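Structural features, examined
Read off the chains here:
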Amino acid sequence: MNLLEEIRSIAAGISGELHEKKGVYTLEAVIAERKGWLSRKKLIYRAKFSIDEANKELHFTELLKESGFGLSSGDADTGPGFGFKKETYKTGLGPREGTIEEQSTLFGEKYQYTFEWGKIRKAIEEKAQALGYKFTYHLTGWGV
């Protein structure tokens with residue numbers, strides 16, 4: 001198997017979707033989803049990477065993204081009463097270890113889940129190195 005096929009099998013193992021655009025691959029997996037009356041919130045793991053075949057390098061970055069929409073029942077941010085609210089949050093600079101629940105109290109208060117995102121990065125890194133590729137982690141914003 002080549003490196004991309006190995007990463008596809010890792011993505012399938014976490015029910016992730018893998019897409020390619022202009023040589024940059026995006027792996028996305030829904031980690032948690034909360035549905036309410038006329039509202040929905042999702043927590044998504046997203047990894048982006050490119051494969052430099054000439055130099056045998058894998059460039060990699062990852063983040064967590066929370067998105068939601070729907071009616072709010074009033075909270076500290078929106079005030080009392082009902083209103084429509086659409087938001088997107090991002091978190092995740094640098095490689096992290098452990099579960100997302102341990103890393104993010106923002107999400108931990110809203111969802112119950114366990115997902116060890118470090119295992120995904122580590123599995124991809126190990127496959128890349130086993131096939132002779134150099135694994136390079138970049139902070140979000142690298143431009144992948």
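The rules behind each value
Residues take numbers from 1 onward in each chain, read along the sequence in its written order. With pLDDT at 70 or above as the cut-off, local features in this predicted model cover only qualifying residues; side-chain atom pairs require 80 or more to be listed or tallied, and sums for whole chains, interfaces and linings still use all residues. Think of the side-chain values as coming from all heavy atoms in the structure, minus any hydrogens and water. Aromatic pairing here means that ring centres of Phe, Tyr or Trp (its six-membered ring) are within 6.5 Å. Orientation follows from the plane angle: under 30 degrees is stacked, over 60 is edge-to-face, and everything else is tilted. By definition, any uninterrupted DSSP run of H or I lasting at least four residues is a helix, any uninterrupted run of E lasting at least two residues is a strand, and each is numbered from the N terminus. Exposed residues in this analysis have more than 50% of their type's maximum accessible area, buried residues have under 20%, and partly exposed residues fall in between, with area computed by a 1.4 Å probe over protein chains only. By definition here, a helix of n residues has an expected span of 1.5 Å times n minus one. An arc is given here, and it is the one of the directions from the helix axis to the C-beta atoms. What pLDDT reports is the predictor's confidence in each residue, on a scale of 0 through 100. The contact criterion used throughout is that any non-hydrogen atoms of two residues lie within 4.5 Å. The term polar contact refers here to a pair of N or O atoms within 3.5 Å; inside protein, the definition further demands a hydrogen-donor-capable atom paired with an acceptor-capable atom, and it admits residues adjacent in sequence only when both atoms are side-chain atoms.

Attention shifts here to the packing of aromatic side chains. Scanning the model with the defined rule gives three aromatic pairs in all. Ring geometry for Tyr25 and Phe49: centres 5.2 Å apart, planes at 15°, overall stacked. With Tyr25 in strand S2 (residues 24-36) and Phe49 in strand S3 (residues 39-52), the pair connects residues that are 24 residues apart, well separated along the chain. The same class applies to Tyr25 as to Phe49, namely buried. Each ring, one from Phe60 and one from Tyr137, has its centre 6.2 Å from the other, and the planes form 45°; the classification is tilted. You can see Phe60 sitting in strand S4 (residues 57-72) and its partner Tyr137 sitting in strand S6 (residues 134-137), a full 77 residues away along the chain. Phe60 sits in the buried class, given a relative accessible area of 0%. Through pairs of rings, three or more aromatic residues link up here, namely Phe60, Phe135 and Tyr137.

With that out of the way, let us pick up helix H4 (residues 117-130). For H4, built from 14 residues, the straight-helix expectation of 20 Å at 1.5 Å per residue is met to within 8% by its first-to-last C-alpha distance of 20 Å. Among the residues making up H4, those that are buried are Trp117, Gly118, Ile120, Arg121, Ile124, Glu125 and Ala128. For H4, the arc enclosing every buried residue in end-on projection is 160°, short of the 170-degree limit, so these residues lie on one face. Structural note: H4 exposes Lys119 and Ala130 on the side pointing more than 90 degrees away from its buried face. A positive phi of about 90° marks Gly132, the residue just after H4.

Interpretation of this model should avoid reading the predicted coordinates in detail wherever pLDDT is low. Across the chain, the average pLDDT comes to 75, with 65% of residues at 70 or higher. Predicted confidence for residues 74-91 stays below pLDDT 50, and this span has 38 contacts to residues more than four positions away or in other chains.

Every α-helical turn comprises 3.6 residues, leaving residues that sit three or four positions apart pointing alike. All buried positions along helix H1 (residues 3-13) are accounted for by Leu3, Leu4, Glu6, Ile7, Ile10 and Ala11. For H1, the buried positions fall inside an angular range of 160° around the axis, keeping them on one side. Among the exposed residues of H1, those pointing more than 90 degrees away from its buried face are Ala12 and Gly13. For H1, the N-terminal cap is Asn2; the gap from its side-chain oxygen to the backbone nitrogen of Leu4 is 3.1 Å.

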